[in-house]
Every structure is written in C-alpha cells, then in structure tokens.
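Okay, here's what each chain looks like letter by letter:
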Amino acid sequence: MLEWIRQQLLWLDYELWFQINTVWRNALLDFVMPFVRNQYFWGPLYLFLLLFMTVNFRKTGWIWCLFFLITFAFSDYTSASILKPIFERTRPCNNPYLQDVIHLIVPRSSGLSFPSSHAANHFSLGIFMAITLGRTRRWVWIAALAWAALISYAQVYVGVHFPMDVFAGGLLGIAFGILTGTVFNRRFRLESGDIPR
C-alpha cells in the first residue's frame, strides 16, 4: 500500500512538472521567470528591507535583520546540507529520461533536487516577514506568501526542480519562518505605526 501511494505521488509529481515546464509556457514567462528565480534580482528588495528596518526601528531593526539572516541560514543549511544528501534526487534538468521533453531556459544546475533550497529559503523569509511585520497589516502576509510562491513556481517552470521539491522546501521554510518569527515577537516589539498601511 505504501509503495502504491509512493508511485502515485511520483506519477503526479512528474505529470504536474510536465504541465508547468512544457505545456503551460509562453514567451512572456520564458523571459520573466529566469529573473524571478535569480537571487540577485531580489537584491534591491533586501537592501530596501535593511534600510527600512534600521531607519524606522533602529536597534530593534538591526536585530530584525539579524533574525532575517538567521532564518535564511537555518533553512538553507537544513535543505542543502542535511536533507538533499539524504534523498539524493536528481534534478529534472539532469535526468536523462527527460532530456527530450524538458524546456530548460536557464543554465543547467548542478547538485541535488529535493527539497528545493530556493523554496525553503524564500518561504522561511516570507513567513518570518509576515509574522513580524504583518501583525496589523494583512497585505504583508499576502505579498510575502505570493513572493515565495512565485519564486518556487519559477523553479519548476525553468526546469531545475519538480513540484514536490518546492512543496517540501516550502513546508520546511514555513516551519523555520514560524520558529524564528515567533521567537522574535516574544523578545522584541516593532511599533506597528511605523509599518505602512
């Protein structure tokens, strides 16, 4: 029974990957998605957060930035250095059985596939931001989750991850974001009046 469930999940994973990567594609997404999944593309956002938090919240803002980095470090190390070597799943772009059908629009990625570190990192950061900044501003939750989901989707679209990779990475990231966001909120306080509506 467990083997049948595993096979069904694997089939669903491949089928959904095929739809996202090869069927639901167009020229606009082919242009946009490589930027969306590139960590350097989001550099201005991180710089804005650094300036916004430190200017508006001073010492607490610096501590928030430290927690932001810790959240990233936890999720990245756990996904890349602990879990990927355990599961040893090959990326779709390196799977020899998919080479005739894959729509690869970024340089071929090395390394392993499960779970997605991109998904883990961005969901952990998104949830951390939502928990700490979205206590009275619902738009922060919507923006943070949409941001993480878009980056995760892009990883499948460009051909470097399977849907199950980003789903598992997302769950891992959510767990770390909840952990660090909750710890931060218990020890520090951000004045909600300083957060734009």
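I will try to describe carefully the structure that is included in this document. Once a new chain begins, its residue numbering starts again from 1 and follows that chain's sequence as written. Reporting of local features is limited, given that this is a predicted model, to residues whose pLDDT is at least 70; pairs of side-chain atoms are given and counted only at 80 or more, and all residues count toward the totals for whole chains, interfaces and linings. Computation of side-chain values: all heavy atoms of the structure, hydrogens and water removed.

Axis definition: a line fitted to C-alpha atoms, limited for helices to the stretch in contact. Angles are taken between N-to-C directions and run from 0 to 180 degrees. Only DSSP runs of H or I with at least four residues qualify as helices, and only runs of E with at least two residues qualify as strands; both kinds are numbered from the N terminus onward. Contact geometry for helix α4 (residues 117-133) and helix α5 (residues 138-157): axes closest at 8 Å, N-to-C directions at 175°. Looking at the two axes, α4 sits roughly antiparallel to α5. Note on element contacts: α5 touches α4 through Val-140, Trp-141, Ala-144, Leu-145, Trp-147, Ala-148, Ala-149, Ile-151, Ser-152 and Gln-155, opposite His-118, Ala-119, His-122, Phe-123, Leu-125, Gly-126, Ile-127, Met-129, Ala-130, Ile-131 and Leu-133. Per-class residue counts for the contact of α4 with α5 are 16 nonpolar, 5 polar and no charged. Angles below 35 degrees are treated as roughly parallel, those above 145 as roughly antiparallel, those between 65 and 115 as roughly perpendicular, and all remaining angles as oblique. By definition, residues are in contact when any of their heavy atoms lie within 4.5 Å. Gly counts as polar in this scheme, as do all residues outside two lists: the nonpolar Ala, Val, Leu, Ile, Met, Phe, Trp, Tyr, Cys and Pro, and the charged Asp, Glu, Lys and Arg.

The next thing to look at is the environment of Leu-150. As for its position among the elements, Leu-150 is in helix α5. Taking the relative accessible area as the measure of exposure, Leu-150 reaches 37% and is therefore partly exposed. Spatially, the C-alpha atom of Leu-150 lies 30 Å from that of Arg-189, the residues being 39 residues apart in sequence. Setting aside anything within four residues of it in sequence, one finds Leu-150 in contact with Met-33 and Val-36. In this scheme, a residue with accessible area under 20% of its type's maximum is buried, one over 50% is exposed, and one in between is partly exposed, where area comes from a 1.4 Å probe on protein chains only.

The next point concerns the pattern of salt bridges. Any carboxyl oxygen of Asp or Glu that lies within 4 Å of a side-chain nitrogen of Lys or Arg is treated as forming a salt bridge with it. Evaluated as defined, the whole model comprises 2 salt bridges. With its nearest N and O atoms 3.0 Å apart, the salt bridge here joins Asp-165 to Arg-89. Remark: Arg-89 occurs in the loop between α3 (43-87) and α4 and Asp-165 occurs in helix α6 (residues 163-187); sequence separation between them is 76 residues. Side by side, Asp-165 and Arg-89 carry an identical accessibility label, which is buried. Here the salt bridges do not stand alone but share partners, grouping Asp-13, Arg-89 and Asp-165 into one network.

Counting residues in each nonpolar core, the largest one holds 35 residues, and the members touching the most others are Met-53, Trp-64, Phe-68, Phe-184 and Leu-190. Mapped onto this core, the elements with two or more residues apiece are α1 (2-23), α2 (27-36), α3, α4, α5 and α6. Among the elements that line this core, the one with the most residues is α3, at 9 residues. Not counting residues up to four positions away in its chain, the partners in contact with Phe-68 are Tyr-46, Leu-49, Leu-125, Phe-128 and Met-129. Definition used in this section: a nonpolar core is a set of buried Ala, Val, Leu, Ile, Met, Phe, Trp, Tyr and Cys residues joined via side-chain atoms within 4.5 Å.

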